[in-house]
Amino acid sequence: MAVCVYRTSRVVVQGVTGKEGRYHALACRDYGTKVVAGVTPGKGGMDVEGIPVYNTMEEAVQNTHPNVSLIFVPPPFAADAILEAVGSGIKTIVCITEGIPVLDMVKVKRVIEKENVTLIGPNCPGIITPGATKIGIMPGHIFKRGSVGIISRSGTLLYETADQITKAGLGQSTCVGIGGDPIIGTDYIYWLEKFEQDPETEAVMMVGEIGGNAEEKAAEYVKNHMKKPVFAFIAGRTAPPGRRMGHAGAIIMGKSGTAEYKYEVLRASGVHTIENPGYIGETIYKTLKEEYSL
Amino acid sequence: MKLHEYQAKEVLASYGVPVPEGRVTHFPYDAWMVSMELGLPVVLKAQVLTGGRGKAGGVKLAKTSDEARDIAQELFGKKLVTKQTGPKGVIVRKLLVEKAADIDRELYFSIVVDRTSSKPTVIASKRGGMSIEEVAEQYPEDIIKIPIDPAVGFLPYQIRRLKYDLELTAQEKEAAKIFSALYKAFSEKDCSLLELNPLVVLKSGHLLAVDAKMDIDENALYRRREISRMRDLTESDPDELEARFTGLNFIKLPGNIGCMVNGAGLAMTTMDVIKLAGGEPANFLDVGGEATPETIAKGFEIITRDPKVKAIFINIFGGIVRCDKVANGIIQALKTVEVKIPVVIRLTGMNKEEGMEILKKAPMQFYIAEDLREAAKMVSDLSNNKNNETEKKPAEKAKAGKKEK
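1. Quick look at the overall build of chain B
Helix and strand counts for chain B come out as 15 helices and 18 strands. Its C-alpha atoms give chain B principal-axis dimensions of roughly 85 × 50 × 40 Å. Within the span of chain B, comprising 405 residues, buried residues form 54% of the whole. In chain B, of all internal contacts separated by at least 6 residues, the share reaching a separation of at least 24 is 67%. Element-wise, carbon and sulfur atoms account for 52% of the exposed surface of chain B, whose accessible area totals about 17,900 Å². Mean positive and mean negative side-chain charge positions of chain B (61 and 58 charges, respectively) differ by 2 Å.

2. Section: empty space enclosed by the protein
The full count for this structure, using the stated rule, is two cavities of 30 Å³ or more. Empty space within the largest cavity amounts to approximately 50 Å³. Residue lining of the largest cavity: B:Asp239, B:Phe250, B:Lys252, B:Ala282, B:Asn283, B:Ile302, B:Ile303, B:Asp306 and B:Val309, and that is the complete set. At the level of elements, β13 (249-252) and α10 (293-304) of chain B are the ones that each hand at least two residues to the lining of the largest cavity. Among the residues making up the lining of the largest cavity, the classes are represented as five nonpolar, one polar and three charged. In this model, the second largest cavity occupies a volume close to 40 Å³. As for the second largest cavity, its lining consists of A:Ile100, A:Val102, A:Met105, A:Asp181, A:Pro182 and A:Ile183. Taken together, the residues of the lining of the second largest cavity break down into five nonpolar, no polar and one charged.

3. Description of the sheet that holds strand β14 (residues 272-273) of chain A
Across a sheet, paired strands are connected by hydrogen bonds in the backbone, their directions being either parallel or antiparallel. All names here are of chain A. Pairing in this open sheet of seven strands is mixed, and the strands run β9-β8-β11-β10-β12-β13-β14 from one edge to the other. Among the strands making up the open sheet, the edge pair consists of β9 (133-136) and β14. Sheet topology note: the strand β8 (residues 126-129)/strand β11 (residues 172-177) ladder contains three bridges and is antiparallel. Across the sheet, residue Ile127 finds its bridge partner in β11, namely Val176.

4. Comments concerning the layout of surface pockets
Any empty space left between the atoms is revealed when a probe the size of a water molecule rolls over them. Size it by volume and the second largest pocket reaches roughly 280 Å³. Residue lining of the second largest pocket: 20 residues in total, with A:Pro182, A:Ile184, A:Asp187, A:Lys217 and B:Arg115 positioned closest to the centre. Grouping the constituent residues of the lining of the second largest pocket by class yields four nonpolar, nine polar and seven charged.

5. A look at the nonpolar core
Residues and elements named next belong to chain A. In this structure, Ile151, Trp191, Leu192, Met205 and Ile284 are the most contacted members of the largest nonpolar core, which totals 96 residues. Counting only domains with at least three residues in this core, you end up with domain 1 (10-120) and domain 2 (138-291). Ile151 has contacts with Val176, Ile178, Tyr188, Trp191, Leu192, Phe195, Val204, Met205, Met206 and Val207, leaving out every residue within four places of it along the chain.

6. Re the state of the cysteines
All names here are of chain A. Within the structure shown, the criterion is met by zero disulfides over all chains. Of the cysteine sulfurs around Cys4, a residue in no disulfide, the closest is that of Cys124, at 11 Å. For the unlinked cysteine Cys28, the closest cysteine sulfur is that of Cys124, found at 12 Å. Among the residues examined, Cys28 registers a relative accessible area of 1% and is labelled buried.

7. Some thoughts on the pattern of salt bridges
Pairing between side chains of opposite charge can happen when the charged atoms of each approach one another. All names here are of chain B. One pass over the full model with this rule turns up 52 salt bridges over all chains. Between Arg69 and Asp66 there is a salt bridge, with its nearest N and O atoms 3.7 Å apart. Placement of the pair is Arg69 and Asp66 together in helix α3 (residues 65-75), with a separation of three residues, close to one helical turn. Note on Asp66: relative accessible area 40%, which makes it partly exposed. Across the pair Lys352 and Glu370 runs a salt bridge, and its minimum N-O distance is 3.1 Å. Residue Lys352 is found in helix α12 (residues 352-360), and its partner Glu370 is found in the loop between β18 (367-368) and α13 (372-383); the two are separated by 18 residues along the sequence. Linked by salt bridges that have partners in common, Asp237, Asp239, Glu242, Lys252, Lys298, Glu301 and Arg305 make up one network.

8. Thoughts on the domain arrangement of chain A
Residues and elements named next belong to chain A. In terms of domains, chain A is made up of domain 1 (10-120) and domain 2 (138-291). For domain 1 versus domain 2, the distance between C-alpha centres works out to 27 Å. Counting from both sides, the interface comprises nine residues of domain 1 and, opposite them, 10 residues of domain 2. When domain 1 packs against domain 2, the two sides together hide about 910 Å² of surface, and 60% of this comes from carbon and sulfur. Its largest share of buried area at the contact with domain 2, domain 1 owes to Lys109, Thr118 and Ile120, together 42% of the area lost on that side. For the pair domain 1 and domain 2, the interface holds zero salt bridges. Between the two partners, domain 1 and domain 2, sit four residue pairs in polar contact (both at pLDDT 80 or more). Broken down by secondary-structure element, the contributors of at least two residues to the side of domain 1 that touches domain 2 are α4 (102-115) and β7 (118-120). Residue contributions to the side of domain 1 that touches domain 2 peak at five residues, all from α4. Residues of the side of domain 1 that touches domain 2, tallied by class, amount to seven nonpolar, one polar and one charged.

9. Topic: the packing of aromatic side chains
Within this structure, the stated rule accounts for six aromatic pairs over all chains. Relative to A:Trp191, the ring of A:Tyr190 has its centre 4.9 Å away and its plane inclined at 75°; by these criteria the two rings are edge-to-face. Judged by relative accessible area, A:Trp191 falls into the buried class, the value being 0%. Each member of the aromatic cluster is reached from another via a ring pair, and the members are B:Phe154, B:Tyr183 and B:Phe186. Directly above the aromatic system of B:Tyr164 lies the positively charged group of B:Lys163, at a separation of 4.8 Å from the ring centroid. It is B:Arg373 that lies over the ring of A:Tyr279; its NZ or CZ is 3.7 Å from the centre.

10. As for the interface of chain A and chain B
Facing the 57 residues of chain A at the interface are 47 residues of chain B. Buried area between chain A and chain B, both sides added, is near 4,100 Å², and the carbon and sulfur share of it is 60%. It is A:Leu103, A:Thr238 and A:Met245 that lose the most area in chain A upon contact with chain B, and together they represent 15% of the buried surface on that side. At the junction of chain A with chain B, the criterion picks out five salt bridges. There are 14 residue pairs in polar contact (both at pLDDT 80 or more) connecting chain A and chain B. For the side of chain A that touches chain B, the secondary structure elements donating two or more residues are α1 (19-31), α4, α5 (155-167) and β13 (230-235) of chain A.

11. Description of helix α2 (residues 28-38) of chain B
Residue and element names in this part refer to chain B. When α2 is considered as a whole, its buried residues turn out to be Pro28, Ala31, Val34, Ser35 and Leu38. Along α2, the residues classed as buried sweep out an arc of 120° about the axis, all on the same side. Buried residues along α2 sit against β1 (22-25), β2 (42-46), α3 and β6 (95-99).

Conventions used here
Residues numbered from 1 in each chain as written. Chains lettered and ligands numbered in written order. Predicted model: local features only at pLDDT ≥ 70, side-chain atom pairs only at ≥ 80, totals over all residues. Heavy atoms only, no water. Helix = DSSP H or I, 4+ residues; strand = E, 2+ residues; numbered from the N terminus. Buried < 20%, exposed > 50% of the residue type's maximum accessible area, 1.4 Å probe, protein only. Contact = heavy atoms within 4.5 Å. Areas by Shrake-Rupley, 256 points an atom, 1.4 Å probe, with all protein chains shown as cover. Lys, Arg positive; Asp, Glu negative; His and termini not counted. Charge placed at Lys NZ, Arg CZ, Asp CG, Glu CD. 1 Å grid on protein atoms, 1.4 Å probe; cavity = no way out; pocket = protein on both sides within 12 Å on 5 of 7 lines; lining within 4 Å. Points joined across faces, edges and corners; volume = space filled by probe spheres on them. Nonpolar A, V, L, I, M, F, W, Y, C, P; charged D, E, K, R; others polar. Pairing = 2+ DSSP bridges. Core = buried A, V, L, I, M, F, W, Y, C linked by side-chain atoms within 4.5 Å. Domains from an automatic or database assignment. Disulfide = S-S within 2.5 Å. Salt bridge = Lys/Arg side-chain N within 4 Å of Asp/Glu carboxyl O. Buried area = accessible area lost by both parts, 1.4 Å probe. Polar contact = N/O pair within 3.5 Å; in protein donor to acceptor, adjacent residues only side chain to side chain. Phe/Tyr/Trp six-rings, centres within 6.5 Å; stacked < 30°, edge-to-face > 60°. Lys NZ or Arg CZ within 6 Å of the ring centre and 35° of its normal. Arc of directions from axis to C-beta.

Take a look at the structure:
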């Protein structure tokens, strides 16, 4: 079992003929993912090392029946690409693109909510089920199949966390990067629910960062609905308020959004907080062994 | 991107939002002249890209033209220290001189993109003139929040509701026109914040936007050229600007450990782990997914320009970019930029072993750490001049560079 994406997932890559799109489409295929088509307007009829390219999503869907779209389209056109995927009937979309205007995402969000589409990202590394499917840009080799589900707002921090968990002797069921933008398709709660239902997942690690209140909302959900142990780390404790720390969403406004406040709420909701990022793998391993005898 | 008050008012005026009559001045006598043209009294407002300038003494009333000139004299070149600027403050270079308004009462109005609902949201209150955070604390019942569906916009019934809540029945047509103009400006200019604090009701009964704040979504500037032309770089840190032009994400901090990291989340985490180990980060620096010799060299150059920096911590997670490539990049970069302070490197991920080998054989000396914890401890000790202690433990690694001929 896995969460959201499976060995059988059929992936179409939007923006497949660009440098990044091409590289990662092939890397995903090498990992074992079924990449069935690519879409780039004006490049229909070409192929990218055997992956057929179409002009429109509609054509790609009719001819190759994908059920997941992976998007590498540049920011000015990315919102339109997401909506094109929705329009063609795709229900799971992974958008890697960083830098989409917020008001574009406001419109996208409204449509995906109405159409019941799962959007991962934007500004994210994608999703991976180790040893089975990789739909994204993460380095596959640092992941190892196991029992911990990871949900992260940041890309490299997802890798760091997965790496520590692997080195501690555990592995991951599915890892998802939900994105560093202020408006993203899916939040922690969506994935917490999936992981709670997934028989393979025994614990969940949330990798958060300053800004917004997604971690606080997740804490509330954990308190009321999660039976599996949940761990959390929040990046940016030393970040100065009012400055955007790389990610568009990582900014402290006023009193809310600080790491201290998030930790406080998470702790009060029964989440195991890991405040030193050097000890993520070790803490999860020890806690699972000692407190849950897993 | 933040706009100055006078720029925001220019934009709003073009949408038909009433703003006070005023001009931007650059010299004390300018202010004197403008005050005579506008008629007294006038308000002099420092044009700086930071909040809280009123409390810092950046807004003053002048009853005579001579007074306007004297106040201008005092304000030009003055360092305003606000909560947002920190102790280094910001220098006043421009003053907006405006005709003082005859105010009956002050209201609050803003539009932001609310992250929780993912919708533009109007926030308004009949208690204007104070910060909205204070209102939220003291009079939470007086704050109105109206989420706007982007597909249909700011609807007549929502505007009507606002009119009643803000007690604007006497000026209902005017208010309705202004509110819809504000939403139009917000969406057409890709604002992330549009705030009028205060929006005032004049003794005459008319409405006037006495203050205006506008933040524009950086990601949308490509389609808002008229706005991006307004960018004022004089208040930006020159190093941060230079970094941005090279595609690096750099923010200066008060500590003494320079950091170079790939990825924003990991860069923040690196700062946190340094602090936990007893050190103080001197910057946030995300070199991006591809750490090339050029970006690394630029990183070194900018970091070492800060004389406070006592040690450098390079933390790279080789995902897409391989560690051997990064290691070679570091060595190449150090051939072009001279770095005299200790450099601690933690490389992990793809081709880690090869990367480490390359670093060990390098003609310069590095401190090589296995993981985040060890690296943070090493660099913090080095920055605190506890070299002896550090060298005891990872001695063989630390001296690896001595193979040099």
